[in-house]
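# What the coordinates show
If you want the building blocks of each chain, they are given just below.
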Amino acid sequence: MAAPLIAVTGPRRGAFGPRLLVSLALRLYGARPLQLRPGQEAALPQFDGVVVTGGHDVDPVLYAAEPEVEPRHDPARDAFESAVIDRALDTGVPLLGICRGAQLLNVRRGGTLFQELASRRSKTSNRWTVLPLKTLHIEPDTRLQRLLGPGPRQVNSLHNQAIDRLGAGLRVSGRDLDGIVQAVEDPTQAFLLGVQWHPEFLLYLGAQRSLFRALVTAAGAHRAARGPRC
């Protein structure tokens, strides 16, 4: 059977490093990464899995809120990745959302976001770092616990927004020391997981690589269940 085809989304320009690392992780476990960018939503190819990567803040208009901070939005990317996520949700395609990807997944399920986090922190730093310096507490009996172990784990932090009200069907599977949501999942789906940190920068840790391995496995099963393409 051919290797599963996994879409990797991102902005029209830039973000070369994170997208390269995600692709390397997917190839490591036998998948074929497919880079997708804004402008392709009208004719999306058929894919077996998707990674929605990090980047600009999600426009609050998508969850019917007024801007609370100076905007750093990418409307073209919002529209494109919304279409990709909706396709995955409609067809059961396995999906891993990273940082912004987790936030947009939550919004597409009807949830909302905190637009700034500095005022909500007392036990954790608001400093961005690719190093695993933030403590992740993992909820029991979740997919995340099965993948990473019971924890706690150390993760990195490159975000200034986070999930507020949960979207339909999602459950929290991880929080930081301030109680801010760090991971969500849908236990009814074969693989639907969003993480607030950037596992692609932590590929030297086996537990973090397990997220990509599990996605590839689920994408392979989805491809097999769908049968041969015409």
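Our subject is the structure listed above.
A quick note: this is a predicted structure, and the numbers were derived from the prediction, not measured.

Next up on the list: the sheet that holds strand β2 (residues 32-36). Within the open sheet, the nine strands sit side by side as β2-β1-β3-β4-β11-β10-β9-β6-β7. Their pairing is mixed. The strands lining the two open edges of the sheet, one partner per strand, are β2 and β7 (153-157). With strand direction ignored, the average angle separating the axes of adjacent strands in the sheet is 25°. For strand β6 (residues 129-138) and strand β9 (residues 171-175), the ladder comprises two bridges, and the chain directions are antiparallel. Paired with isoleucine 138 across the bridge in β9 is glycine 174. Here helix α3 (residues 100-108) sits on the sheet and contacts β3 (49-52), β4 (95-98) and β11 (192-195); the angle it forms with β4, its principal contact strand, is near 115°.

A pair of packed helices is captured by two measures, namely the crossing angle of their axes and the spacing between those axes. At a closest axis distance of 10 Å, the pairing of helix α2 (residues 75-91) and α3 adopts a crossing angle of 65°. Between α2 and α3, the interaxial angle falls into the category roughly perpendicular. Of the two possible hands of crossing, α2 and α3 adopt the one that is right-handed. Judged by residue contacts, Arg77, Asp78, Glu81, Ser82, Ile85, Asp86 and Leu89 of α2 engage Arg100, Gly101, Leu104, Leu105 and Arg108 from α3. Of the residues in the contact of α2 with α3, the class split is four nonpolar, two polar and six charged.

Okay, a nonpolar patch on the surface next. A contiguous nonpolar patch, built from Phe16, Leu20 and Leu24 and spanning about 320 Å² of accessible area, is present on the exposed surface. On the secondary structure map, leucine 20 appears in helix α1 (residues 16-28). On the basis of relative accessibility, which here comes to 38%, the residue leucine 20 falls in the partly exposed class.

Here we take up the side chain of threonine 112. Inspection of the secondary structure assignment puts threonine 112 in the loop between α3 and β5 (113-114). Judged by its relative accessible area of 11%, threonine 112 falls in the buried class. With near-sequence residues (within four places) excluded, threonine 112 lies in contact with Tyr63, Asn106, Ile163, Asp164 and Arg165.

To continue, consider the nonpolar core. With 30 residues, the main nonpolar core has Leu26 and Trp197 as its most contacted residues. Within the residue set of this core, elements represented by two or more residues are β1 (5-9), α1, β4, β6, α4 (143-148), β11 and α5 (206-226). With eight residues, the top contributor of residues to this core is α5. Sequence-distant contacts of tryptophan 197, defined by excluding residues within four places in its chain, comprise Ile98, Cys99, Leu136, Leu144, Leu148, Val155, Asn156, Gln182, Ala183, Leu202, Gln208 and Leu211. Residues Leu36, Leu95, Leu105 and Leu113 belong to the second largest nonpolar core, which totals 24 residues.

Moving on, we get to the layout of surface pockets. Its boundaries defined by the atoms lining it, the largest pocket holds a volume of some 290 Å³. Together, 20 residues line the largest pocket, and Gly54, Gly55, Trp128, Leu158 and His198 are the ones closest to its centre. Elements with a minimum of two residues in the lining of the largest pocket: α1 and α3. Grouping the constituent residues of the lining of the largest pocket by class yields six nonpolar, nine polar and five charged.

What counts, and at which threshold
- Residues numbered from 1 in each chain as written.
- Predicted model: local features only at pLDDT ≥ 70, side-chain atom pairs only at ≥ 80, totals over all residues.
- Heavy atoms only, no water.
- Pairing = 2+ DSSP bridges.
- Helix = DSSP H or I, 4+ residues; strand = E, 2+ residues; numbered from the N terminus.
- Axes fitted to C-alpha atoms, helices over the stretch in contact; angles between N-to-C directions.
- Contact = heavy atoms within 4.5 Å.
- Parallel < 35°, antiparallel > 145°, perpendicular 65-115°, else oblique.
- Left-handed = near helix turned anticlockwise from the far one by under 90°.
- Nonpolar A, V, L, I, M, F, W, Y, C, P; charged D, E, K, R; others polar.
- Patch = residues over 30% accessible without salt bridge, like charges linked within 9 Å, V, L, I, M, F, W, Y side chains within 5 Å.
- Areas by Shrake-Rupley, 256 points an atom, 1.4 Å probe, with all protein chains shown as cover.
- Salt bridge = Lys/Arg side-chain N within 4 Å of Asp/Glu carboxyl O.
- Buried < 20%, exposed > 50% of the residue type's maximum accessible area, 1.4 Å probe, protein only.
- Core = buried A, V, L, I, M, F, W, Y, C linked by side-chain atoms within 4.5 Å.
- 1 Å grid on protein atoms, 1.4 Å probe; cavity = no way out; pocket = protein on both sides within 12 Å on 5 of 7 lines; lining within 4 Å.
- Points joined across faces, edges and corners; volume = space filled by probe spheres on them.

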